[in-house]
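Here is what each chain is made of, one letter per residue.
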Amino acid sequence: MSTSIACIIYDESKKKILIALRNPTGDMGNRWEFPGGKVDAGENDCDAIVREMSEEFGVKATVGQKIVSSSFFHKEKECFLHAYMVKLEHDGLSVPYTLTEHQSYKWVEPHVIPSLSFVDSDMKIYPDVIKYLEAL
């Protein structure tokens, strides 16, 4: 069993969410996703979020409320995904994020996500994320 986290980074004033395009290699290469990653052994979700955002975007993260949890199968193995509201120290526009696992990122209106080549596990939680954001 593995556990991953999805960071829902939402700019409430602009009504946009941060998404990232994975590097071309790997199972989900060249697909969009909510930033995040795997929870390492001995870590809790919050520690994983802070570590992942530092490693993959070079930015400090503050973890907010848990939005949703889901399970899915990857290579015949059950995996768990937990989505959290996350704030970053800046928006990555005037000072670009330092990417290590992604080739690019952008801020989009949440309703455009289904039209993109988005990873399946994130699309599974997408309806709950939308409901949460609409209630803000």
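Residues numbered from 1 in each chain as written. Predicted model: local features only at pLDDT ≥ 70, side-chain atom pairs only at ≥ 80, totals over all residues. Heavy atoms only, no water.

> When you look at the overall build of the protein chain in this model, what are you seeing that I'm missing?
Helix and strand content of the protein chain: two helices and eight strands. For the protein chain, the sequential pattern of α-helices and β-strands runs β-β-β-β-β-α-β-β-β-α. If you line up the protein chain on its principal axes, its C-alpha atoms span 40 × 30 × 30 Å. For the protein chain, buried positions account for 46% of its 136 residues. One way to put it: in the protein chain the 15 positive side-chain charges average out to a point 3 Å from where the 21 negative ones average out. (Helix = DSSP H or I, 4+ residues; strand = E, 2+ residues; numbered from the N terminus. Buried < 20%, exposed > 50% of the residue type's maximum accessible area, 1.4 Å probe, protein only. Lys, Arg positive; Asp, Glu negative; His and termini not counted. Charge placed at Lys NZ, Arg CZ, Asp CG, Glu CD.)

> Would you mind going over the pairing of strand S6 (residues 61-74) with me for this structure?
Residues in a regular strand point their side chains to alternate faces of the sheet. Looking at chain direction, S6 and strand S7 (residues 77-88) are connected through eleven bridges and run antiparallel. Within the sheet, the bridge partner assigned to Val-68 lies in S7 and is Ala-83. (Pairing = 2+ DSSP bridges.)

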